[in-house]
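# A look at the structure
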Amino acid sequence: MEVEEKNITRLNIDGKEYILIGTAHVSKKSAEQVKEVIEREQPDSVCVELDEQRYQSIMEGDKWKETDIFKVIKDRKATFLLMNLAISSFQKRMAKQLGIQAGQEMIQGIQSAKETGAELVLADRNIQVTFSRIWSNVGFTGKSKLLMQIIYSIFSNDSISEEELEKLKSKDMLEGMLNEFTETFPRLKKPLIDERDQYLSQKIKDAPGEKIVAVLGAAHVPGIKEEIKKEHDLEQLNERPPKSKLPKIIGWGIPIFILALIAYTFISNPDAGLQQSISWILWNGGFSALGVAIAFGHPLAILTAFVAAPITSLNPLLAAGWFAGAVQAYFKRPNVADFDRLSEDVLSIKGFWSNKVTRVLLIVVLANLGSSLGTFIGGADVIRLFFENL
């Protein structure tokens, strides 16, 4: 049995009642409706569209202060953290414009569950697993476009009215950001929406009690209405995709090929071999250093990128950005004030570039992107010089 009212869907399945509230993630009206429904219905459980990581982020607002920037670089999480901050920026910018708190309806769900004595269920899949499955679903071109779309969302100053915001209830927050991208790459919808519909529906179905209220982004409601009638394997949906061997083969194959060409050229024509080596160093080091310079890195971080890139490009286990980022963090180490300002600084381009935390992350990412570009151009030039001197 299914009953619908404005933004609310009621389902009765196997003796349990499910009340799904479709929300916009930065809507004051959604938060008010969540409070009203939970207080009226007095459910046994309240499910919220959060995972443990995002829940902790909400409950421990000052957790950024404990971040070890060197550990972020060492654990290769700079790009992931930068993407998270970009998404946070998108939500917070809209929320600030409307004078509300980002994710207020989820916060309200948590508070109302506590006030009514309902069991709180964190129903969403770990965001890192979702990103991992998205990342594996698109090729190199897709990854580049995805990053550009997220970066664009940081820099966009587009305003949005609350009326337009209410229309966003038909989209997931991530899907809203990446709408054009999902049209170009339909495969993105599966890990971003469909799989999460399955995961959310199973967690909602497994919630204790006879009456369950679920606070969800409205994009998930149609899918959950169908998926909740089925059984889903949460363990399988939580699996990270196996890493392809192709990137590793390419990662080692290109350096070996480049080194072999330079070595052969050196033997047959030392002057041409020297020219190849200089070209490789200049293209790799130059583009990587340029990336750090664009992020307004410390002069020694720029120099580090220039020196490291030609070497790290020949070793897939290393990356120029790690070294440049570590040097930047050493000379311009983020302090407590930088972490305190992070939530505000991510709202603007100037803030992203001026905050010491995001600047380190930008340096890591842009140095690596520059090094990758330098590898392709430098490698092409090495091949050109090889054929010219056969």
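Every chain begins its residue count from 1, and numbering advances along the sequence as written. Where totals are concerned, whole chains, interfaces and linings use all residues; where local detail is concerned, this predicted model gives features only for residues with pLDDT of at least 70, and gives and counts side-chain atom pairs only at 80 or more. Computation of side-chain values: all heavy atoms of the structure, hydrogens and water removed.

Naming follows an unreviewed UniProt entry, where the chain appears as TraB/GumN family protein of Rossellomorea oryzaecorticis.

### Here's the deal with the packing of helix 16 (residues 299-312) against helix 17 (residues 320-331)
Two packed helices can be described by the angle between their axes and the distance between those axes. What counts, and what does not: For helices, the axis comes from a line fit to the C-alpha atoms of the stretch in contact; other axes are also lines fit to C-alpha atoms, and the angle between any two N-to-C directions lies between 0 and 180 degrees. By definition, any uninterrupted DSSP run of H or I lasting at least four residues is a helix, any uninterrupted run of E lasting at least two residues is a strand, and each is numbered from the N terminus. Should an angle lie under 35 degrees it is considered roughly parallel, over 145 roughly antiparallel, and from 65 to 115 roughly perpendicular; all remaining angles are considered oblique. Crossing handedness is defined as follows: a turn of the near helix away from the far one that is anticlockwise and smaller than a right angle gives a left-handed crossing, while the clockwise case is right-handed. The contact criterion used is simple: two residues touch if any of their non-hydrogen atoms lie within 4.5 Å. Note on residue classes: Ala, Val, Leu, Ile, Met, Phe, Trp, Tyr, Cys and Pro are nonpolar, Asp, Glu, Lys and Arg are charged, and everything else, Gly too, is polar.
Direction vectors running N to C along helix 16 and helix 17 enclose 160 degrees, while the axes themselves pass 8 Å from each other. Compared by their axis directions, helix 16 and helix 17 come out roughly antiparallel. As helix 16 runs across helix 17, the sense of the crossing is right-handed. Here L300, A301, T304, A305, A308, A309 and T312 of helix 16 come into contact with helix 17, specifically with A320, F323, A324, V327, Q328 and F331. Its residues assigned to classes, the contact of helix 16 with helix 17 shows 10 nonpolar, 3 polar and no charged.

### Notes on the packing of aromatic side chains
Our working rule: Pairing of aromatic side chains requires ring centres within 6.5 Å, counting the rings of Phe and Tyr and the six-membered ring of Trp. Pairs whose planes differ by under 30 degrees are stacked, by over 60 edge-to-face, and all others tilted.
Within the structure shown, the criterion is met by 4 aromatic pairs. Among the aromatic residues, ring-to-ring pairing joins Y264, F386 and F387 into one connected group.

### Topic: the pairing of strand 2 (residues 8-13)
So the rule is basically this: Remark: exposure states derive from per-residue accessible area (1.4 Å probe, protein chains only) relative to the maximum for the residue type, with buried under 20%, exposed over 50%, and partly exposed in between. Two strands qualify as a pair provided that DSSP identifies no fewer than 2 bridges between them.
Within strand 2, 5 of the 6 residues are buried, leaving the element largely enclosed by the surrounding structure. Looking at chain direction, strand 2 and strand 3 (residues 16-23) are connected through 6 bridges and run antiparallel. The residue bridging R10 from the neighbouring strand is I19, located in strand 3.

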